[in-house]
Amino acid sequence: MTMEKRILCIGAGYVGGPTMAMIASQCPRCRVTVVDINPERIAAWNSDNLPIYEPGLDELVRATRGRNLFFSTEIERGIRENDIIFVSVNTPTKSFGLGAGMAADLQYWEKTARQILEFSESSKIVIEKSTLPVKTALAMERILNCRENGICFDILSNPEFLAEGTAVHDLEKPDRILIGSRETDSGRKARQTLVDIYANWVPKEKIITSNIWSSELSKLVSNAFLAQRISSINAISALCEKAEADVVEVSRAVGMDSRIGPKFLNASIGFGGSCFKKDILSLVYLCRHYGLDEVADYWESVVKINAYQQERFIRNMLGAMFNTLAGKRICLWGFAFKANTGDTRESPAIFIARRLLEEQAEIVVSDPKALKNARTDLTGIEGRVHYVEDPSRAAEGCHAIALLTEWDLYRNLDFQKIFDSMAKPAFIFDGRNILDHRRCFDIGFNVYPVGKPPLTHF
Ligand code: NAD
Ligand code: UGA
């Protein structure tokens with residue numbers, strides 16, 4: 001079969017892998033290749049044990065791999081042989097030099113641009129899939145258009161809005177596809193090429209186009225707005241705990257205003273994940289760069305409240321458990337940054353585990369998908385840490401359970417049996433408000449939800 005389009009994606013991570021699998025599945029006449037510098041990752045994508053856990057992903061990859069979806073380490077060949085190149089490399093927060101701890105680290109991004117320049121033998125469309133600071137496309141254009149050999153590059157911005165745990169659904173039925181381009185003839189033509197790819201399965205009215213800087217900025221702003229809602233409700237949860245209000249009731253009442261809406265108003269131990277914090281800090285850095293200190297301060301407060309909420313969770317535990325955790329055994333239910341993923345990047349569980357160990361507690365970490373990552377995250381930290389996958393067994397002999405990830409399996413356990421196996425008085429700190437608090441209390445637990453009055457037997 002002759003292929004209509006040859007597509008390459010550089011970066012086989014949480015975005016590159018699933019996104020390309022969806023394109024391959026929806027566009028059988030496109031040949032899609034995903035390359036990465038990490039050979040283990042590519043080997044895993046080519047195996048039955050994919051490098052990431054995502055509901056529905058195994059089936060999607062199985063249906064397309066070897067047909068029109070290929071994973072490879074041959075970056076040079078990939079660049080030579082493909083006309084449309086997505087770049088989906090990591091863009092973490094810079095950890096050194098100017099802007100350390102705030103700015104985006106663009107070294108992987110720039111290296112990719114230089115590789116594209118070096119190995120291209122024909123004109124190409126290069127698409128920013130990674131999340132980037134505004135005006136990155138300008139830097140890309142400057143790097144790519146510096147040769148006069150007739151090879152031209154059109155840069156597009158096409159940010160990804162998928163959330164982990166629901167990536168396959170989000171890719172199949174996106175709220176919107178955003179494509180930013182230059183308003184030149186070739187920019188518009190390149191944009192249409194990408195619109196045509198998505199139009200294979202996304203309704204036309206959901207594919208929106210914009211100027212390239214608006215597109216880059218919209219991605220940072222979307223994440224900032226989402227994180228801001230979580231910090232807003234978490235800030236209110238602190239007030240609820242003082243005022244004997246119930247944050248779930250408050251968020252339901254507030255969210256029923258159609259102008260506000262009900263989503264992303266669940267109080268928690270704070271947001272985690274590889275992107276919210278890094279993208280807000282990147283936005284803050286950008287604002288400071290342009291001299292907009294008040295705007296920067298405003299957005300930075302979203303991150304500050306998130307750190308405050310995590311520390312508050314530890315302080316609540318300490319306060320409830322008679323101001324000492326030393327020598328106590330505490331079970332952590334969940335280590336992933338959210339349910340339905342094994343990803344632990346920036347998971348609040350990492351901070352909470354560290355703090356508990358600082359207090360000289362012994363911890364038992366339990367998670368259905370994230371134990372491997374948890375072991376890596378906690379390597380080198382002093383203290384007594386155990387890993388037990390089964391949540392009921394993990395709680396045996398513990399003084400407290402701290403529920404950190406909203407996995408469904410925690411909702412319907414045999415709480416009587418768990419209570420019987422624990423040290424007394426037994427505590428539950430529900431960092432996600434997903435348990436039946438009254439039932440746990442009736443069994444004998446002292447129950448501390450987030451943003452609600454505790455249910456205690458003292
Ligand atoms: P990731 O770390 O899982 O994957 C990035 C991959 O790029 C890695 O496998 C790495 O080895 C590879 N890579 C780095 N430099 C390379 C090079 N020069 N050549 C080839 N491969 C290279 O990251 P991710 O979570 O997929 O995120 C990628 C980008 O997408 C980031 O900018 C992120 O902000 C953005 N994003 C992520 C999500 C998400 O849910 N994870 C959602 C939307 C947007
Ligand atoms: C988020 C965005 O939702 C995606 O649109 C975006 O593409 C992605 O970041 C990205 O750029 O990386 P993700 O981080 O995968 O996706 O997951 P979310 O569902 O947004 O959850 C983020 C964190 O907020 C999790 O720790 C979650 O538990 C927490 N959260 C979410 C709450 O504490 N309360 C809520 O009401 C919702």
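Below, the structure is looked at part by part. Quick caveat: nothing in here was measured; it's all calculated off a predicted structure. (Residues numbered from 1 in each chain as written. Chains lettered and ligands numbered in written order. Predicted model: local features only at pLDDT ≥ 70, side-chain atom pairs only at ≥ 80, totals over all residues. Heavy atoms only, no water.)

## Quick notes on the layout of surface pockets
- When its volume is computed, the second largest pocket comes out at roughly 510 Å³.
- The set of elements that each furnish at least two residues to the lining of the second largest pocket consists of α2 (39–45), α3 (57–64) and α14 (371–377).
- In terms of residue class, the lining of the second largest pocket is built from nine nonpolar, five polar and seven charged. (1 Å grid on protein atoms, 1.4 Å probe; cavity = no way out; pocket = protein on both sides within 12 Å on 5 of 7 lines; lining within 4 Å. Points joined across faces, edges and corners; volume = space filled by probe spheres on them. Helix = DSSP H or I, 4+ residues; strand = E, 2+ residues; numbered from the N terminus. Nonpolar A, V, L, I, M, F, W, Y, C, P; charged D, E, K, R; others polar.)

## A short note on the side chain of glutamate 141
- Topologically, glutamate 141 is positioned in helix α6 (residues 136–144).
- For glutamate 141, a relative accessible area of 15% puts it in the buried group.
- A polar contact of 2.8 Å, which involves the side chain of glutamate 141, links it to the side chain of arginine 182.
- If we skip the residues at most four places from it in the chain, glutamate 141 touches Ile155 and Arg182. (Buried < 20%, exposed > 50% of the residue type's maximum accessible area, 1.4 Å probe, protein only. Polar contact = N/O pair within 3.5 Å; in protein donor to acceptor, adjacent residues only side chain to side chain. Contact = heavy atoms within 4.5 Å.)

## What about the pattern of salt bridges?
- Taken as a whole and judged by the stated rule, the model has 30 salt bridges.
- A salt bridge links arginine 345 to glutamate 164; its shortest N-O distance comes to 3.4 Å. Of the two residues, arginine 345 sits in the loop between β9 (329–333) and α13 (348–358) while glutamate 164 sits in the loop between β6 (153–157) and α7 (167–172), which places them 181 residues apart along the sequence.
- In this structure arginine 345 comes out as partly exposed when scored by relative accessible area, which is 35%.
- The exposure class of glutamate 164 is buried, given its relative accessible area of 11%.
- Overlapping salt bridges bring together Glu311, Arg315, Arg355, Glu358 and Glu359 as one network. (Salt bridge = Lys/Arg side-chain N within 4 Å of Asp/Glu carboxyl O.)

## Details of a nonpolar patch on the surface
- Taken together, Tyr290, Leu292 and Val295 make up a surface patch of nonpolar side chains, about 280 Å² in accessible area.
- Tracing the sequence through the fold places tyrosine 290 in the loop between α11 (276–289) and α12 (293–320). (Patch = residues over 30% accessible without salt bridge, like charges linked within 9 Å, V, L, I, M, F, W, Y side chains within 5 Å. Areas by Shrake-Rupley, 256 points an atom, 1.4 Å probe, with all protein chains shown as cover.)

## Brief notes about the site of ligand 1
- Around ligand 1, 27 residues are found, and the nearest of them are Asp36, Arg41, Thr91, Glu164 and Lys278.
- In this structure, a nitrogen atom belonging to ligand 1 sits 2.9 Å away from a side-chain N or O atom of glutamate 164.
- Compared with its free state, where it exposes 830 Å², ligand 1 has 93% of that area covered by protein.
- Residues of the shell around ligand 1, tallied by class, amount to nine nonpolar, 11 polar and seven charged. (Near = heavy atom within 4 Å.)

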